[in-house]
Amino acid sequence: MSKISAVVLAAGKGTRMRSDRPKVLFEVYGKAILSHVTDNIKDAGIENISLVVSPSSDEIREKYGDSFVYSVQETPLGTGHALLSAKEFMENMGGKVYVACGDAPLVDEGCIRQFISYAEEGEYDLCLLSADIFYKNSYGRIVRDENGDMLRIVETKDANEEERKITEVNSGTYLIDINKLLSCAGELQSNNSQKEYYLTDFVEIFRNHGYKVGAYKTEDSDVVLGVNTRIDLAKINKVMQRRINEELMLSGVSIIDPENTYIEKDVIIGKDTVIYPGTFISGKTVIGERNEIFSSRIISSVIGNDNVIESSTIEESSMGDHSKIGPYAHFRPKSSIGNGLKIGNFVELKNAHLADGVKASHHAYLGDVDIEEDVNIGCGVITANYDGENKHRSRIGRDSFIGCNSNIVSPVNVGERTFVAAGSNVTEDTPPGSFVIGRVRQETKVNKKHRYR
Ligand code: UD1
Ligand code: MG
């Protein structure tokens, strides 16, 4: 095996996106396109990566810091010129360079590994990844002779009618011998319709030198999809969605309507969990077995087994087993609940820890609070945790009953088995087993209705 480093081309103008942002920083499935590309490369075992960037690439440098070696392409004169802008990096590395387009996130780890082993076994000096595409497209066409040997690549813009009919196209992924590349770098010209230095022209140049060129045609034609327009972005979203959902379904997760379910790549879901349409699951979420999830959004959270979650949002929180959540519950970050809870309609949790068996069935705000086992939170209960300057934390002891529309004015310690009467303002700590009533006594003026109305 040769020593392999990677160069990722990311200095293009991205004109077709019609945006002020660098195209490679547009996100697909929660991650920048460029991050998909570099993660795939790292996953395939290539450690040294140089990003070819434009001089005005502050956003890219800020995002990635020291993770990569930056090679600057002073002016965007084409993909060949872009690769040669990484000359110094390539000279330092030696061996072979894996070249990827920063706008093609679907060349995944498996594909990279297969491609590289094909290129290495065939001892090619320049090998590229191709695929057959049967719809109208603007990729480079692979021109072969009658023996099937690759002669050159012609860009769609430069191609004649016959060449445009060729279905085999270039993915923009290459493995190239660095010494040979640099030795004939001077031969690259820009006499084409775009007046650019095309990386693809090295195919012909290498052939003229008698170097061995080849193409590995993958079955999965989706890998060539590059993001040039926002239409491509949507297409790539769809492909990623299909790949991820199919993998999950094959591993035992039921997804009722995969077209309308969005689950990011790093999410882990256990078998026999059923996901209904309109669900978004992202970040580093881990979900156990036999849950039912209806139209919900779950972000970087840990969900146990046998829960039912309906039309709710759960952010950076965790839950155990056998709970029923929603409809319309909202777990804000740093909340955790135990097992067998009921968190019902319009209940909001924030940095709240609720132990096993707690019930908060409707309309409550539980922020900065520790609620112990089997507490019943009535409708409209609020923890008044913010005094305008600081947040305060409260505790509600086990087996307590907090009547409807009560305010727990934090910080307060409600002892276990406390009974708080409906409509109370709880401002003082209560010992275990207390009865608390903190509200204005009702006045009833008999026969005075007309006077007071
Ligand atoms: C390129 C290929 C085409 C292939 C397609 C696959 C060439 C000439 N054409 O076309 O054969 O089918 O990719 O997606 O290589 N870039 C720079 N500097 C530049 C120009 C481009 O860094 O001066 C970067 C871009 O940021 C992008 C990548 O190179 O990430 C590809 O450039 P792009 O303009 O998208 O090339 P395509 O027209 O897609
Ligand atoms: Mg492109």
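Residues numbered from 1 in each chain as written. Chains lettered and ligands numbered in written order. Predicted model: local features only at pLDDT ≥ 70, side-chain atom pairs only at ≥ 80, totals over all residues. Heavy atoms only, no water.

Overview of helix H5 (residues 109-121)
With 13 residues, H5 should cover 18 Å at 1.5 Å per step; its first-to-last C-alpha distance of 18 Å lies within 8% of that length. All of the buried residues along H5 are Cys 111, Ile 112, Phe 115, Ile 116, Ala 119 and Glu 120. With its buried residues spanning 155° around the axis, H5 presents them on a single face. Summarising the contacts, the buried residues of H5 are in contact with strand S1 (4-9), helix H1 (33-43), strand S6 (96-101), strand S7 (126-132), strand S10 (168-177) and strand S11 (213-217). (Helix = DSSP H or I, 4+ residues; strand = E, 2+ residues; numbered from the N terminus. Expected span 1.5 Å × (residues − 1). Buried < 20%, exposed > 50% of the residue type's maximum accessible area, 1.4 Å probe, protein only. Arc of directions from axis to C-beta. Contact = heavy atoms within 4.5 Å.)

Details of the coordination of the magnesium ion (ligand 2)
Each protein donor to the magnesium ion (ligand 2) is listed here as Asp 103 (OD) and Asn 228 (OD1); together their distances run 2.4 Å. Here Asp 103 is found in the loop between S6 and H5, whereas its partner Asn 228 is found in the loop between S11 and helix H9 (230-250), with 125 residues between them in sequence. We note that Asp 103, like Asn 228, is buried. (Donors = N, O, S within 2.8 Å, 3.2 Å for Na, K, Ca; no water.)

Description of a nonpolar patch on the surface
Nonpolar side chains collect at one region of the surface, where Phe 401, Phe 419, Phe 435 and Ile 437 lie side by side and expose about 400 Å² of accessible area between them. By secondary structure assignment, the location of Ile 437 is in the loop between strand S37 (435-436) and helix H10 (449-452). (Patch = residues over 30% accessible without salt bridge, like charges linked within 9 Å, V, L, I, M, F, W, Y side chains within 5 Å. Areas by Shrake-Rupley, 256 points an atom, 1.4 Å probe, with all protein chains shown as cover. Salt bridge = Lys/Arg side-chain N within 4 Å of Asp/Glu carboxyl O.)

A short note on the site of ligand 1
Close to ligand 1 lie 23 residues; Ala 11, Gln 73, Thr 79, Glu 155 and Asn 170 are nearest. Protein chains bury 91% of the 750 Å² of accessible surface belonging to ligand 1 in isolation. The set of elements that each furnish at least two residues to the shell around ligand 1 consists of helix H3 (79-84) and S10. Along the lines of polarity and charge, the residues of the shell around ligand 1 split into nine nonpolar, ten polar and four charged. (Near = heavy atom within 4 Å. Nonpolar A, V, L, I, M, F, W, Y, C, P; charged D, E, K, R; others polar.)

Brief notes about the environment of Met 240
Tracing the backbone through its elements, the reader meets Met 240 in helix H9. Here Met 240 is in contact with Val 28, Tyr 29, His 36, Pro 105 and Leu 106, once residues within four sequence places are set aside.

Re the domain arrangement of the protein chain
Taken domain by domain, the protein chain comprises domain 1 (4-224) and domain 2 (230-436). The straight-line distance from the C-alpha centre of domain 1 to that of domain 2 is 46 Å. Residue-level contacts link 18 residues of domain 1 with 15 residues of domain 2. Together, the buried faces of domain 1 and domain 2 total about 1500 Å²; carbon and sulfur atoms form 58% of this surface. When the buried area of domain 1 at its contact with domain 2 is split by residue, Val 28, Tyr 29 and Leu 106 rank highest and sum to 48% of it. Between Asp 220 and Arg 243 there is a salt bridge, and its shortest N-O distance comes to 3.2 Å. On the surface where domain 1 and domain 2 come into contact, there are six residue pairs in polar contact (both at pLDDT 80 or more). (Domains from an automatic or database assignment. Buried area = accessible area lost by both parts, 1.4 Å probe. Polar contact = N/O pair within 3.5 Å; in protein donor to acceptor, adjacent residues only side chain to side chain.)

Observations regarding unusual backbone geometry
Going from Gly 326 to Pro 327, the amide bond is cis rather than trans, its omega being 0°. Within the secondary structure, Pro 327 is located in the loop between strand S24 (324-325) and strand S25 (330-331). Residues Ser 410 and Pro 411 are joined by a peptide bond in cis, for which omega reads 0°. Phi is positive for Arg 18, which is not a glycine, with a value near 50°. Structurally, Arg 18 is set in the loop between S1 and strand S2 (27-28).

Points about the pattern of salt bridges
Inspection of every chain in the model, using the stated rule, returns 30 salt bridges. The partner of Lys 180 in a salt bridge is Asp 125, with the nearest N and O atoms 3.0 Å apart. In this pair, Lys 180 is assigned in helix H7 (residues 178-183) and Asp 125 in the loop between H5 and S7, connecting sequence segments 55 residues apart. Classification of Lys 180 as partly exposed rests on a relative accessible area of 26%. One salt-bridge network, held together by shared partners, links Glu 372, Arg 395, Arg 398, Asp 399 and Glu 416.

Focus: the nonpolar core
Ranked by internal contacts, the top residues of the largest apolar core, which has 93 residues, are Ile 41, Leu 51, Tyr 98, Ile 343, Leu 354, Leu 366 and Ile 377. Domain assignment of the residues forming this core places at least three in each of domain 1 (4-224) and domain 2 (230-436). In contact with Leu 366, not counting residues within four places along its chain, are Val 347, Glu 348, Leu 349, Lys 350, Ala 352, Leu 354, Ala 360, Ile 371, Ile 377 and Thr 383. Listed in part, the 33 residues of the second largest apolar core include Ala 82, Ala 86, Met 150 and Leu 188. (Core = buried A, V, L, I, M, F, W, Y, C linked by side-chain atoms within 4.5 Å.)

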